[in-house]
Each structure stands twice: as C-alpha cells, then as structure tokens.
Amino acid sequence: MSFSIRSPKDIAVGLFYVGLGAAAVFIARDYPMGTAGRMGPGYFPSLIGSGLVLLGLTAVLRSFLTEGDPVDRVHWRPLLLISASIVVFALMLSRLGLVVDLALLIAIAALARNDARLSVVGSACAAFLIAFCAIVFVKGLGLPIPLFGTWLGA
Amino acid sequence: MDFSNVEIGLATAFSAWNILYCLIGVFLGTAIGVLPGLGPVATISMLLPITFGLEPETALIMLAGIYYGAQYGGSTTAILVNLPGESASVVTAIDGYQLARKGQAGKALATAAIGSFVAGTIATLLIALFAPPLADMALEFGPPEYFSLIVLGLVASVVLAHGSLLHAFGMIGVGLLLGLVGIDVNSGASRYTFEFPQLTDGINFVVVAMGLFGIGEIIANLDRSSERTLLAKKITDLMPSLADLREMFGPVMRGTALGSLLGILPGGGAMLSSFASYALEKKLSNRPQDFGHGALAGVAGPESANNAGAQTSFIPMLTLGIPSNPVMALMIGALIVHGIQPGPSVMNEQPALFWGVIISMWIGNVMLLVLNLPLIGLWVKMVSLPYNLLYPTILVFCSIGVFSLNNAEFDIYLMALFGALGYLLRKFDCEPAPLLLGFILGPMMEEYLRRTLLLSAGDPAVFVTRPISLAMLVVAALLLATVFAPFIVKKREEAFQE
Amino acid sequence: MKLAKIAALVGVAVLSIGPAAAYPDRPVTIVVPFPAGGATDTTARLMGGKMQELLGQPVVIDNKPGATGAVGATGVAQAKPDGYTLMVASIGTYAVNPFLQKGLKYDPQKDFDLITVAVRTPNVLVANPNFPVNSVGELVEYMKKNPGKVSFASSGSGSSDHLTAALFMQRTGTNGVHIPYKGGAPAIADLIGGHVNVSFQNLGAIINHVKAGKLKALAVSSEARVPLMPDLPTLGEAGFKEVVVYSWQGAAAPKGLPADVRAKVNEAAVGALNSPDVKTKFNELGFEVVANSNEEFAKFLGDELARWKQVIADGNITAE
C-alpha cells in the first residue's frame, strides 16, 4: 500500500472541518467554560468544535486509505458573478432604489452564463419582473425600500 | 364540549365575510409561500396593521390562513426549485425535488396537497375535540424532555442523509456551530458575532436556507451545461395513480399522527415532526435506498406531518396564550391590539373567536386543495421555462425576501456568503440538509441541556429518571445503532477479506 | 368606519397643505427596534396611529429588530434630526444595554432628543400554584431556608424581569437560581408546567393565567395597587419599599431636532397618548400611560441608568 492521497475530496473536506472546528475552539477560549454540571458559554462550542476537528482528522486519514473521487472543477464565473450580483444589490439598495437596483442585479446575474447575450424576451421579462416587485413588495406589502434611491434624487 | 359554543363558531366561520377573509388569507399565504424567501413571519408583520380595522376573529382567521397557506405554498417551491422557505419543508425538498427532476413534479405536488389536506382535516378535528387536555399535556414537557426530543431529532437527521455517514455528521457539526452565533440565552454572552450587532440575535434560518439551497443551487446549475432547463426530463404523471394513492396512505396517516402530537409542543415540535416522519418512513420502507432519489413516501409523510403540526401548533396559543413559533407570537400581538389577551379564558369567553378560527381552518384546508390541485399544471409549466429566465427570478425573490426579514441589507450579504458556501459544499458531495437541521437544533439543544442542568443543580440523572425523556433517548440510541450496524458489519467484512 | 377614517385623513391632509412647508410635510417614520407584535411594537402602533391624525401625515412603523433594540437604536442615533425619523424603544434599549453590551454604538443620554416616556407596566411576582408559598413574606422565608434552591424564570439575561428579580434578591438578602428563557412566553409556559418556581412577569402577560388559576400572583412591583388586580398587594406593602420597578417604553428622536419640530413632536406624542380611546386601550392591556415632557424623561432616564448600573454591578450580572 503506497502512502498517497487516494481521495482528494475527503482530504479537502476533512481540512475544512479541522479548520472550522479549531477556529471555533480557539475563539471560544474567550468565553467562560464552566463545568459539565454548570456549563458556561464556552463549554458547548468547545465540545462541538473539538468533535468537528476529530471528524476532520478521520476524513483526512480516510483519504489515504480508501479510494475516492477527484475534486470537481470549481467554475469561478458563475460563483463570482452570482455572488457579486447579490452583494451589489444590497450595497446599492438605498442609493439606487428598487427599480434600478433590480435591473442591475438581473444584468450582473445574466452575465454568469457563458452564453450571455441581450435578448428582447429576456429584457421584457426583466421589466415585467421589476414592475411586479415594485407593485407587490413596495406598494402592496409596504416594504421600506424606496422605488428610486438617494442617488436618483429621492 | 359545549355545543352552543360550537354553533357560534360555525356561524362565525361560515359568515360570508369571514369566508372571504379566509380565502384572502390562504390565497396570500400560498402566494408568499411560493415566492422564495418571503415567509409568513415577514408577511404577517407587514400585514398586521391592516388587520387592526377588522373584527378580531376575522383578523385571526385571515392571519391563520396566511400561516397554513404559506406552509402549503412553501412545499411547492421546495419541490419545484429545491428552495425550502420553512424549516419544515427542508425535508420535502429532498425527495420532492428529485421527483421533479424525474419529470414527476405534478405527482409530487399532488401528493403534498392531498397529504396536507388529510392531515389538516384530522388535526383540526383533534383540536376541536381535545385542545385543552392536549395543551396541558404539552406543558408536562419540561427542559429534560425537550433535550431528549432534540437528541432524537439530531439522530433522525443522520438518517436523512443518503451519502457518506462521516459527512452527514460533519455537516451537522458545521450547522451546530453556525447555530451558536449570537447571544447565548443562558449567560447573555455574545458568541462568534465578530462585533457585528446584526449577528447578536443569531443568523436567521431563512438566510441560511436561501443561501445554501437557493443560491448554491443556481451557481451549481449554471456551471453545468448551458442548455438545460430545470426539469431535465419530459413531464409525466400530473396526478398520482391509484397505486400511488394506496402507497401514500400509510405514510400520510403516520405523518399526521406524528405531526399532531409533536405540533402541540411549543418548543419547535411541528418542525421536528416532518423529519421524524421522514426517518420513520425510511426505516419502515422496504426500499430505503429510494429515499433521497425520489421516494413518494418521503414527500407524503413529512408533508402530512408538517401540515398536521402547523394546525395543532395553534393549541397552545388558543388555549393557553403561549405562542409555539414566531408566527403565533405575531398573532398574539394582533389579538392584544384588539384588546384580547390570549389565555385559558378565551375558549369560554370568546367562543366566536376560538371555535370560529378552528372551523375556518378546515374551510381553509378545503380551499387550499381546490385552489392548488388545478394550479399544479401551471406550476409545472412555470418551471419548464428556460433556466435563463428562471434563475434571475429566483435570485430577485430571494434577495427581496431575505431583506424583508429584518429590513436589513446585512442579511443579503450573509445570503451571498452562504450561497458560495452551498456551491462549494456541493462540489465536495456534502449535503446541505443535515447542516440546516444542525443549525436549527443546535442552539435549542444547548439551551435545554443547560437549563436542565441549572434546574437539577448539575445532576444529569434527570434525563434517564424521567420516563418520557428516557423513552426518547432509548429510541435515539436504537436508531443510531441501526445507522451504524451496517457500517460496522461492512467494516468487519472488509477486514476479513484482507 | 374605515371610509370615515380615510375621509378624515384626506381632510386633514388637504388642510395641512398651507403656504409654508411646515413640519411635517411628508410621512414620519417611527423605528421600532423590536419585532412586530411585541409590547414595544404595540405601543408604537397605538401611539403612531393617533399621531397620524394629529400630525396630518402618515406615520409609518419600521421594525428594525436586533440586540435588545441596539441595532435599530444605533440607526436612529445616526439618522438626520429632522423629525421624520423617530423611535419608540424599551427600558432595555435605553437603560440596560449600556451596562451589558460591549461596544454599544449609541449613548442613550447623549445621542437622542428624548421626547416622552410613553407607557409603563409593573412586573408581577407569580408562582406555580403548587409552589408552597402564598405571599412575599413566605417566599422570602422559604428562600432563606433553602438558599440557592428556588428557580426564577426570566425572559432573558438583562431583561426587565431578570433585573427585577436581581433587585428583589439583593434587597431581601436571598439567593435563588436564575433560569433565563428566550422571551416571556416560554418562561410562562414552564412556570405553568411547574418546571420552574417563580418569576416576575409583565402584568399584561400573566393576568389571564392568574385569573384562570394556572399561576398564583404574590405581589406587584408598582407604587400603588393596580386597577386590574385590586386584591394584589404591592411589594412595598409587603415590606420591600425599594423594589418599585416598571418596565417602560419611551419615544425619542436623533439628537439635534430644531426646537419647533421638537415641540411639535412632543405635543403630538403626548396628545396621542392622552387621547381617551388610546388611553383606554393601553389600560386594558395592563399599561399605564405616562406621557410626560422632554425634561421629565431625561431626569427619569438618568435615575433609571444609575439604579440599574448599581443592580447589575451588585448582582454581578455581566455579559460574561
């Protein structure tokens, strides 16, 4: 048996568990531990964090012993663009207002596709969707979002 | 039971005015339930002021309609686009979405609708007959019983996962840690808030669910072929066959029983019932390997449990004035503004309110069935839209819905973060469902554990000396044994072979 | 009735379109830093509904919950002081958070123009009916015989009922176990179920349970007996004069309102609170309308801050 990584997926996830668990335990040092009978705020997180570290180590160990799948390729374009579309939406909500901000959200999200292009049908649907949201959420349900934000003179 | 009061209730519920508001309620509820991210809590808090101008029973009939209508609508989105907007529909999404991908969305939706209707009817009857004794029974549940129930729930959530056992435990652990963010109930200390005041009350469930399921799924879909629509296969079977109905009967009945019982517990019982039902059906099934790949029983059971629980969760509120979830707390707020302090006296002093609301719930369930069965065709068509039109729509609704939780942009940023996490977890074959259940149950488990130990002066023996608690721990241990048994046996076999 | 209301509103709106654009010429927002449906939200909605008629402009309630009101209050403290952003918050937001929340980003005395204390409600000392005490005196005696054994449920660490319990134990020289819950409702549920012994809870939250015999009331924390429960003695009558505690809601605006706007806001708020129908509704819910001046609120807040600072320090109550 050669000593090599047989399951790259397992080792990646295992390291994620170890990292998260260790971070949780590390931060929980600031919280009083208490005792098992009278637990402080640090007791439960340390317990769970340590458990997660152990699980992670098991996964790492297993990745050397059993065969597993290789890691799938991470596609950065949809990951970054979809995340960016949401972040920009939140950032600009009060500045641009719902109408323009939704258009921005849809435009950035549309770019996430490899074959993104401007289409009449798509634009019409987007316009309909924006009108629907403005009427239902702002006018109907009274969500405190301006239709046009501070940058647009409201 | 005083029949003159029931008569008053019948007259109230069947007045044209109240039927109209019941219809408005269930219609609105279905609509917001279907829209991802927008849940009953946000909607009811926004509509609360409107109800101030109504009679209190009319207001409550409408609000109740929104609540159970949203439960109904929520399963639609969970099945069609894998977006559970409610903790209870996390389970429905697992097999419902797989059925939808096989082209059996119609069958899954009809199963959910019929199961919910049967469960709703039985649960309403139970409330009418046994509400006060059931409420007293619920109060017998103290901190140790809740703790043991949650342990049982966590073990059941391991059964939910169909992939690697190790990762199921890992995801539960990650969820437990995420659930700890915010102020610790027992000490008042802030944990893992990183100086963000927005995190002091913890991360909202909807934010995590929308991110992991909704956004994560969108990113994952976009990185596959650009041609696919959401439902890859041709749509078959809009309605369940007779054989399907026969297959559903057992799960629906068991789900209803579980949901009705657990629903009366104010500490999150309704939500636990849906995955208790899933775990039970998976254990009872002679084809457990189908679960996670589109088992009809995996939709029928939890959906019935969920809806029965949603109905019986009214019991503590109507009979004791104790809200079993945030929606109920809002309804109590609405009654208080009307000058009615919900409590044990409501039943006798306000028969129109008490019985009117209960009877209207059954009317509402009929309306939901009539409203939803014909709509199934429309829903199924909607998700066969090209994906490039569908995903921006989901994105828009998720973003606005998440904002509406606290009227805060912060929650939208968090959702983006969980979206990215959800995508990466998918890349590593980690399922989001156990994470979500750990997230919900973790803080409750800690809260009840520490409260029990405070009350028993640090003596853990109470968990096994109280019979209900002991019984649940035994069931949990047995369930865990059945999960591990095949695993251990297999390991042994491997060892012998080497 | 609804139509009449709308007609009245339109009427007022038309009248208020005068030559000079005097405050208010657009909708006023009241930020409630708590979720919809709670006591603070109810206070703001009842008061805001009437202020709308008095100001002749819509009054919008904006719930921004989080951290016992700290999230919403921070936002209000940083808002423009033009009278279009107001806040209704609770004792916790004004008088307790400064001692329990590290890194609080507002100062209740410096960052707000205080408008008025809106309403107050006393806490009632309630016990499970099977708990073997029937008066405050018996409870104190029982606690002295069984130190550290009696469990006090509260609606959370640092909540008004927790602090009342802490103050009670400090003044009576007793000691019990504090059991915090997430809000008042689960605490009351466990109290009725007999899983905990006693608790201080808001009058409105327990009155029906006491009437139905699910809980027994021992005393009330008000100065004088309350009209809704005339037979219930005060803690003062029971010999603990220092334990007079109210849970209260107050209205404020960002610091630096123009004097005329401030006067107008106070007039509308006090007017709304004192209008007979609003007052009756508050009384039915167990609240007592206070409706005082800017200066009275400022002095009251100073007293409350000093008192709770002391109680929190003596009781070693910290966010650990």
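Reading guide: rules and limits
- Counting from 1, residues in each chain are numbered in the order their sequence is written.
- Naming scheme: in the order in which they are written, chains are lettered from A and ligands are numbered from 1.
- Local features in this predicted model are restricted to residues whose pLDDT is 70 or higher, and side-chain atom pairs enter the listing and the counts only when it is 80 or higher, whereas totals over whole chains, interfaces and linings include all residues.
- UniProt positions are given in the numbering used here, feature names are shortened, and annotations may be inferred rather than shown by experiment.
- Helix and strand definitions follow DSSP, with helices as H or I runs of at least four residues and strands as E runs of at least two, each counted in order from the N terminus.
- The globule rule used for comparison is 2.2 Å times the number of residues to the exponent 0.38, while the radius of gyration itself is calculated over C-alpha atoms.
- Each residue is classified by how many other C-beta atoms fall within 10 Å of its C-beta atom, where C-beta atoms are placed from the backbone; a count of 20 or more means buried, 12 or fewer means exposed, and values in between mean partly exposed.
- Residues are scored as being in contact if the C-beta atoms we place from backbone atoms lie within 7 Å.
- Each pair of strands is called paired provided DSSP finds at least two bridges between the two strands.
- A clockwise path from the first strand over the helix to the second, with the strands pointing away from the viewer, defines a right-handed crossover.

Under an unreviewed UniProt entry, the name given to chain C is Bug family tripartite tricarboxylate transporter substrate binding protein, and the source organism is Flaviflagellibacter deserti. According to its UniProt record, chain C has this under Sequence similarities (unreviewed entry): "Belongs to the UPF0065 (bug) family."

Under the annotation held in an unreviewed UniProt entry, chain A carries the name Tripartite tricarboxylate transporter TctB family protein and is attributed to Flaviflagellibacter deserti.

Draft legend 1. Examining the overall build of chain A more closely. Within chain A, the regular secondary structure consists of five helices and zero strands. Compactness check: chain A gives a C-alpha radius of gyration of 24 Å against a globular reference of 15 Å for 154 residues, more than 25% above the reference. Based on the C-alpha atoms only, the size of chain A along its principal axes is roughly 60 × 45 × 25 Å. Taken over 154 residues, chain A has a buried fraction of 34%. Long-range pairs, those at least 24 residues apart, make up 70% of the contacts in chain A with a sequence separation of at least 6.

Draft legend 2. Structural detail: the interface of chain A and chain B. The partner chain B presents 48 residues to the 55 residues of chain A that form the contact. Those elements that place two or more of their residues in the side of chain A that touches chain B are α1 (8-28), α2 (43-65), α3 (76-96), α4 (98-111) and α5 (120-140) of chain A. Tallying contributions element by element places α3 of chain A first for the side of chain A that touches chain B, with 10 residues.

Draft legend 3. Representation of the UniProt feature "domain: DUF1468" (unreviewed entry) in chain A in the model. In this numbering, the UniProt entry assigns the feature "domain: DUF1468" (unreviewed entry) to residues 12-146 of chain A. Measuring from the first to the last C-alpha atom of residues 12-146 of chain A gives 44 Å, for a span that is 71% helix and 0% strand.

Draft legend 4. Here's a closer look at the UniProt feature "transmembrane region" (unreviewed entry) in chain A. All names here are of chain A. As recorded in UniProt, the feature "transmembrane region" (unreviewed entry) lies at residues 12-31, 43-65, 86-112 and 118-138. Helix makes up 85% of residues 12-31 and strand 0%. Its end C-alpha atoms lie 29 Å apart. Between the C-alpha atoms that bound residues 86-112 the distance is 12 Å, and the span itself is 93% helix and 0% strand.

Draft legend 5. Local environment of the pairing of strand β6 (residues 177-180) of chain C. Residue and element names in this part refer to chain C. Bridge count between strand β5 (residues 151-154) and β6: four bridges; the pairing is parallel. Across the sheet, residue Ser-151 finds its bridge partner in β6, namely Val-177. The handedness of the β5 to β6 crossover, carried by helix α6 (residues 160-172), is right-handed.

Draft legend 6. Just the pairing of strand β7 (residues 198-202) of chain C, in detail. Residue and element names in this part refer to chain C. With five of its five residues buried, β7 lies for the most part within the structure. The pairing of strand β4 (residues 112-127) with β7 spans five bridges and is classified as antiparallel. Bridge assignment links Val-126 to a residue of β7, and that residue is Ser-199.

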